[in-house]
Amino acid sequence: MADHEMTDQPPPEQDTAMSDADKIRAKRLAKLGGSSTPRPASTGPEASGSGSASGTSSPKPTAAQAPSPQPRTQSPQTSDLRSQTDGKTEPKPAPRINIKPAATASSAAAPPPAPRPQDTSIEGWEDRTISGIFRITLEDRRTHDAHGNKVYYVSSLKQDLQDEGRLLRFTTDVLDSVVLEAASSHTQGNALEYLLGCWKRVARQTKSITNKSDPKYEIVRELRRICFNYTIFAVTMPDMFGEEAPLENVLTDRLLLGPDDDRGICFDFLQEACNRAEDDDTAKKALVGAVEDLSRRLARTSMNSDYKPYMLALRSLIRFPPLVTALVQSESFLPTDIEAQHIETQTLLGPFFRLSPMQGDVAVNYFSGAAAGDKGLIANAQRALRMTLSTHQDELLDIANTFIKNKDSRESMLNWFALTVNKNHMRRALQVDAKTVSTDGFMVNVTVVLDRLCEPFMDTTFSKIDRIDIDYLRRSPRVDIKDETKINADEKTSDEFYSTRLNGASNFISEVFFLTVAAHHYGTEAANSKLSSLQKDVKWLKKELEKFETERHKYASNPVQLRIFDAHVKKIKDQIERGTCTSYAIAGVLGDETMQARSMQLMRYVIVWLLRLVSGTDFPKQDLQLPLPSEQSLAFRCLPEYFVEDIVGNFKFITRMMPHIITSIQCEELVKICIVFLRSSEYIKNPYLKSGLVTILFHGVWEIPHRSKGVLGDTLFGNKFAMKHLLHALMQFYNECESTGTHTQFYDKFNIRYEIFQVIKCIWPNPVYRDNLATEARVNLDFFVQFVNLLLNDVTFVLDESFTAFTQIHEISKELKSDPNMDQAMRQEKEEKLTAAQGKAKSYMQLTNETVAMLKLFTEALADSFTKKEVVVRLAHMLDYNLEALVGPKKSSLKVDNPEEYGWNPRQMLAELTDVYLNLQGKQSFIDAVATDGRSYRPDYWIEAHKIMAKFYLKNDQQLKQWEAMARAISAAKEAADMEEADLGEYPDEYTDPLMATLMEDPVILPISKQIIDRSTIKSHLLSDPHDPFNRTPLKIEDVIPNDALREEILAWKADLLAKKRAERSSAAGGDETMDTC
């Protein structure tokens, strides 16, 4: 009774009063085991009305405030889960009298009463909304809602309401304990699953109320707050709901379900977490932990599994800037002292970038049916692979862009990219240990994303190229270049240059530009190298398998050994399949034209940037001038070598594999950088890079559909810059590649020169090139004489090697045919020699044909250069020697079966060599040199050559007449030379050249050895070897000392002796004439 009176009277003091709702809530929490403290009554028209959302607040989800579950028998001294407010008291409604009839069997079996009309009051709406959102009921006979969903019967709350004489309605005031009880009941799944479903429903309800002044808005706002708080409790303190703490973050699986699943994490939940982050970061920390767990799980999977939910989960989270900022603060985002091989599995973003079809198991899955080499099957698989990877890379770009655009996370994202680059320097080592570096798939994805981050500033007009700051590398750059080889500086020079740090901050364009160039070096270019080495490994394994399988019969009688043998064979076959599939996958990825077009766009920027740097001009607005300044920019010299290497590698691949994607304007820029660094080759110290520039031009003149001159041919043929500088640049590198500094330099130079010949053949029909060449040959004679000398060296070597190989093929084949009963071992030995000779002939003959063709072209255009004293004798003797081989008595030794297999056409070779003779027919020095060749020159050979050319129409009538006239001139010169030699007799030793054993005409003294030698002899020697031939000290032609006194002495001796001999012949002729008249 006392209690009844107290509830009827207004409380004397607001801070101690308890409303009916507070009493009920206190009882409920006590029964659930929680603690409660009374709170002031909220104002409202009646006790059952909803409290103001602004006047109440649920507890923050922290461990200190969370109630822990207790047995229901404990003391009802509980603390409210909600914070206290200063709301006013509300009058308690009059108690209602409920008369309950006694239950009877008939009444128990009676059908449920008809539904009452829906209560349209705000209190009725609040009751229905709470019931629908939390799927709870106060009706004991109601087990499902109108949509068939299970509902939880809150019997204890009903009893409490009845005890207090209140309407059986749900209100926000009593919701805390109800939610806790419903979630702890596990009748609708675990607590988190139940509460996330409630959150989805309350979020939808929130969107349906747009008018913030509507009372319903405050009710729903309060429901939203309570639901979110308890959801976070379920994540961070599952024991509050009678559940054990899971081993992993419980939000992880919810994120993987996606935002649209009732059990998943929706965008509203993430937004709410962000809104509350400033006051309470519990939810934010839980979400970061979930992403960390996602990352760890993804690191154990591949594209063979369902990886898309992981991508969707991350992309959903990073839509919210506060979460992006929180993610970069995670210890796993940028861990310290991490090794390269662990970046893709132990950093937060690593597993997302790791996904790629280039992973071994994924590649096998794509190409398992294509291992036999079905090109159609392989092409289809590669197309599917590219589509999958392209979609994935689009999502990676979206992720990276989100971090970059957020000012709080940009630096961390750039640091992560720098980490991937700086830790993977060993990917470009000569021998790469795959266990110590990141995978190709990971690095290619990083490179592609960085490429696309560069796109906004890479316009066609280069309007922002001046924003790329060369001093970036001197301002504490993210990119580590300390151990990198520099373009043209040694380690000491580079260290001194970079030891001086500059002030100021680097702009974003410079940051991304330098990162992307480095990423290309360690990403796509390294993958390209991996592809080449992988293909070689597979080829070697196949050969080993063939050899291995021939040994199987040795183990057939021993089952144990046979099993071991078969297991080893299977292991090799598995390695071959995996290697083959991986190589197909890498080729498929690198063959993505869209990706390569983006890559090429970056390389175009690098080209223009480098040309601006070395020329000091505003290129491309201003024209380039060659040669470049003699003094090189130290900033350029100290740049990492990969700035040029990336260009070379990228365009070598594109011009070979997909030249059609290169645009005309890109062709011009590409041609210019090739010409610039071949013409001013001193700017780059690595000969491999310069040879790569030649290879780009070589690939560029290959015929492709609709372009007979290749993708670069038209540019090379008609571009003014190319016409002015290309030919000289090619000839200059032809000279330089004589010595590349590698152990394979002797053979490297032939490959380089073959490519140079192909480019020259493409441009030779343009007369401007020939005119410019002739003009420059007169001005820069020594340069062209050196070129001629090296060309002669090559022609001599390749002709000799080719003819020797054909002679061996001819003789061995003849022996094998003549003796069918030859000993088997002897036959096998000879067949091996025959195979070796055939391989040698094939490899050299192609180069021979091209070299002789070049000799023909250049003797036509540069006859003066080929008839200088330093080279004319060598040229004449080389031609005579090979003419003898083609038409002399041993010509039959060059006959082989199926000569076309080797590219061998003796008649064509004769036609090419005789063209060289005819090109020089007007040069007396050449006529004399042929005539004095005592080793190979024979008039009979010229007659035989004339017969063959006439018989097979190798020359027209005019050319045949020229050949005859030249033969007569040589014959006359030989007679005169023989007479002079007979007149001079034995030369005095002091007049004789010590190397050539000929009479010196212009003797000089070598400065150190003090040997006396003819000037033409030492000049010819120095063209090939810059050392004194007598003591191997360095020597230049400018260093020799003229011996004028000896020269005059020789000339006087020769003139006197010849005059005496002529007088003797005249006297003898006169005496004979007198005797005849008598």
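No experiment lies behind these values; they were computed from the predicted model shown. (Residues numbered from 1 in each chain as written. Predicted model: local features only at pLDDT ≥ 70, side-chain atom pairs only at ≥ 80, totals over all residues. Heavy atoms only, no water.)

**Thoughts on the overall build of the protein chain**
Okay, step 1: Helix and strand counts for the protein chain come out as 42 helices and five strands.
Okay, step 2: For the protein chain, buried positions account for 51% of its 1078 residues.
Okay, step 3: Restricting to contacts in the protein chain with at least 6 residues of sequence separation, those with at least 24 account for 76%.
Okay, step 4: Here the protein chain displays about 51,600 Å² of accessible surface, and carbon together with sulfur accounts for 50% of that area. (Helix = DSSP H or I, 4+ residues; strand = E, 2+ residues; numbered from the N terminus. Buried < 20%, exposed > 50% of the residue type's maximum accessible area, 1.4 Å probe, protein only. Contact = heavy atoms within 4.5 Å. Areas by Shrake-Rupley, 256 points an atom, 1.4 Å probe, with all protein chains shown as cover.)

**A look at the pattern of salt bridges**
Okay, step 1: Tallying each qualifying case throughout the model produces 55 salt bridges.
Okay, step 2: Salt-bridge contacts for arginine 263 lead to aspartate 261; the nearest nitrogen and oxygen are separated by 3.2 Å.
Okay, step 3: Aspartate 1002 is paired through a salt bridge with arginine 1047; the nearest N and O atoms lie 3.9 Å apart. Of the two residues, aspartate 1002 sits in the loop between helix 40 (957–984) and strand 3 (1003–1005) while arginine 1047 sits in helix 42 (residues 1044–1077), which places them 45 residues apart along the sequence.
Okay, step 4: The structure contains a network of salt bridges with shared partners spanning Glu248, Asp253, Asp293, Arg296 and Arg297. (Salt bridge = Lys/Arg side-chain N within 4 Å of Asp/Glu carboxyl O.)

**Let's talk about the side chain of glutamate 645**
Okay, step 1: Among the structural elements, glutamate 645 can be located in helix 26 (residues 642–657).
Okay, step 2: Under the relative-accessibility criterion, glutamate 645 is labelled buried at 19%.
Okay, step 3: Not counting residues up to four positions away in its chain, the partners in contact with glutamate 645 are Arg428, His521 and Leu689.

**Points about the nonpolar core**
Okay, step 1: Counting residues in each nonpolar core, the largest one holds 290 residues, and the members touching the most others are Phe134, Ile136, Phe417 and Phe858.
Okay, step 2: Top contributing element to this core by residue count: helix 33 (residues 781–818), with 17 residues.
Okay, step 3: Sequence-distant contacts of phenylalanine 134, that is, excluding residues within four places in its chain, are made with Leu175, Val179, Gln188, Tyr194, Cys198, Leu223 and Cys227.
Okay, step 4: With eight residues, the next largest nonpolar core counts Leu984, Leu1046, Leu1057 and Leu1058 among its residues. (Core = buried A, V, L, I, M, F, W, Y, C linked by side-chain atoms within 4.5 Å.)

**As for the sheet that holds strand 5 (residues 1041–1042)**
Okay, step 1: One open sheet accounts for three strands, arranged 4-3-5; its pairing is antiparallel. Two strands lie at the open edges of the sheet, namely strand 4 (1012–1014) and strand 5, each paired on one side alone.
Okay, step 2: Here strand 3 pairs with strand 5 via two bridges, running antiparallel. Note on strand 5: the bridge partner recorded for valine 1004 is proline 1042.
Okay, step 3: In the packing of helix 41 (residues 1015–1024) onto the sheet, contacts are made with strand 3, strand 4 and strand 5, and the angle to strand 4 comes to roughly 85°. (Pairing = 2+ DSSP bridges. Axes fitted to C-alpha atoms, helices over the stretch in contact; angles between N-to-C directions.)

**Structural notes on the packing of aromatic side chains**
Okay, step 1: In this structure the tally under the stated criterion is 48 aromatic pairs.
Okay, step 2: Residues tyrosine 366 and phenylalanine 367 carry aromatic rings whose centres are separated by 6.3 Å and whose planes lie at 45° to one another, so their mutual orientation is tilted.
Okay, step 3: Tyrosine 366 sits in the partly exposed class, given a relative accessible area of 24%.
Okay, step 4: Owing to a relative accessible area of 0%, phenylalanine 367 belongs among the buried residues under this scheme.
Okay, step 5: Taking the centre distance of 5.7 Å and the plane angle of 70° together, the rings of phenylalanine 797 and tyrosine 844 count as edge-to-face. Of this pair, phenylalanine 797 sits in helix 33 while tyrosine 844 sits in helix 34 (residues 824–861), and the two are 47 residues apart along the sequence.
Okay, step 6: Classification of phenylalanine 797 as partly exposed rests on a relative accessible area of 22%.
Okay, step 7: Among the aromatic residues, those joined into a cluster by ring pairs are Tyr472, Phe513, Phe514, Tyr522, Trp609, Tyr642 and Phe643.
Okay, step 8: Positioned over the ring face of phenylalanine 508 is arginine 410, at 5.6 Å from the centre of the ring.
Okay, step 9: Stacked on the ring of phenylalanine 497, the Lys or Arg arginine 474 has its end atom at 4.1 Å from the ring centre. (Phe/Tyr/Trp six-rings, centres within 6.5 Å; stacked < 30°, edge-to-face > 60°. Lys NZ or Arg CZ within 6 Å of the ring centre and 35° of its normal.)

**Focus on the side chain of asparagine 719**
Okay, step 1: Among the structural elements, asparagine 719 can be located in the loop between helix 29 (710–718) and helix 30 (720–736).
Okay, step 2: Among the residues examined, asparagine 719 registers a relative accessible area of 15% and is labelled buried.
Okay, step 3: A polar contact of 3.1 Å, which involves the side chain of asparagine 719, links it to the backbone nitrogen of alanine 722.
Okay, step 4: Apart from residues no more than four positions distant in its own chain, asparagine 719 is found in contact with Glu668 and Asp714. (Polar contact = N/O pair within 3.5 Å; in protein donor to acceptor, adjacent residues only side chain to side chain.)

**A short note on the environment of glutamate 243**
Okay, step 1: As for its position among the elements, glutamate 243 is in the loop between helix 8 (215–236) and helix 9 (251–257).
Okay, step 2: Each C-alpha atom of the pair glutamate 243 and asparagine 190 lies 8.2 Å from the other, and the pair is 53 residues apart in sequence.
Okay, step 3: The contacts of glutamate 243, once residues within four sequence positions are left out, are His186, Asn190, Ala191 and Pro238.

**Remarks on the packing of helix 8 against helix 10 (residues 267–275)**
Okay, step 1: The geometry of helix 8 relative to helix 10 is characterised by a closest axis approach of 11 Å and an angle of 90° between their N-to-C directions. What the angle tells us is that helix 8 and helix 10 run roughly perpendicular. Along the contact surface, helix 8 presents Arg224, Phe228, Thr231 and Ile232, while helix 10 presents Asp268, Phe269, Glu272 and Ala273.
Okay, step 2: Residue composition of the contact of helix 8 with helix 10, grouped by class: four nonpolar, one polar and three charged. (Parallel < 35°, antiparallel > 145°, perpendicular 65-115°, else oblique. Nonpolar A, V, L, I, M, F, W, Y, C, P; charged D, E, K, R; others polar.)

**Quick word on helix 10**
Okay, step 1: Of the positions making up helix 10, those classed as buried are Phe269, Leu270, Glu272, Ala273 and Cys274.
Okay, step 2: At its buried positions, helix 10 is contacted by helix 7 (191–208), helix 8, helix 11 (282–298), helix 12 (308–317) and helix 13 (321–328).

**Digging into the packing of helix 17 (residues 375–405) against helix 23 (residues 559–590)**
Okay, step 1: Relative orientation of the contacting elements helix 17 and helix 23 amounts to 60°, with a least axis distance of 9 Å. Judged by the angle between their axes, helix 17 and helix 23 are oblique. As helix 17 packs across helix 23, the resulting crossing turns out to be right-handed. Residues Ile378, Gln382, Leu385, Arg386 and Leu389 of helix 17 form the contact with helix 23, whose participating residues are Tyr584, Ala585, Ala587, Gly588 and Val589. (Left-handed = near helix turned anticlockwise from the far one by under 90°.)

**Regarding helix 28 (residues 687–700)**
Okay, step 1: When the terminal C-alpha atoms of helix 28 are compared, their 20 Å separation across 14 residues agrees well with the 20 Å that a helix rising 1.5 Å per residue should span.
Okay, step 2: Taken across its 14 residues, helix 28 has twelve buried, putting it largely inside the fold.
Okay, step 3: Every buried residue belonging to helix 28 is among Leu689, Lys690, Ser691, Gly692, Leu693, Val694, Thr695, Ile696, Leu697, Phe698, His699 and Gly700, and all of these are buried.
Okay, step 4: Against the buried residues of helix 28 lie helix 26, helix 27 (664–679), helix 29, helix 30 and helix 31 (745–763).
Okay, step 5: Two or three places before tyrosine 688, at the opening of helix 28, asparagine 686 has a side-chain oxygen 2.9 Å from that residue's backbone nitrogen. (Expected span 1.5 Å × (residues − 1).)

**Section: a nonpolar patch on the surface**
Okay, step 1: A surface patch of nonpolar side chains, about 270 Å² in accessible area, is lined by Leu995, Met996 and Phe1030.
Okay, step 2: Checked against the element boundaries, leucine 995 lands in the loop between helix 40 and strand 3. (Patch = residues over 30% accessible without salt bridge, like charges linked within 9 Å, V, L, I, M, F, W, Y side chains within 5 Å.)

**A short note on the environment of lysine 840**
Okay, step 1: Within the secondary structure, lysine 840 is located in helix 34.
Okay, step 2: Residues lysine 840 and serine 802, 38 residues apart in the sequence, show an inter-C-alpha distance of 7.5 Å.
Okay, step 3: Ignoring anything within four residues of it in the chain, the contact list for lysine 840 reads Glu801 and Ala805.

**Some points on unusual backbone geometry**
Okay, step 1: Here the residue pair phenylalanine 619 and proline 620 is connected by a cis peptide bond, since its omega of 10° sits within 30 degrees of zero.
Okay, step 2: Relative to the elements of secondary structure, proline 620 occurs in the loop between helix 24 (593–615) and helix 25 (634–637).
Okay, step 3: Here the residue pair leucine 626 and proline 627 is connected by a cis peptide bond, since its omega of -5° sits within 30 degrees of zero.
Okay, step 4: Positive phi outside glycine occurs at aspartate 337, with the angle close to 55°.
Okay, step 5: When you line up the elements, aspartate 337 lands in the loop between helix 13 and helix 14 (343–346).
Okay, step 6: Classification of aspartate 337 as exposed rests on a relative accessible area of 74%.

Just distances and angles here, no functional claims.
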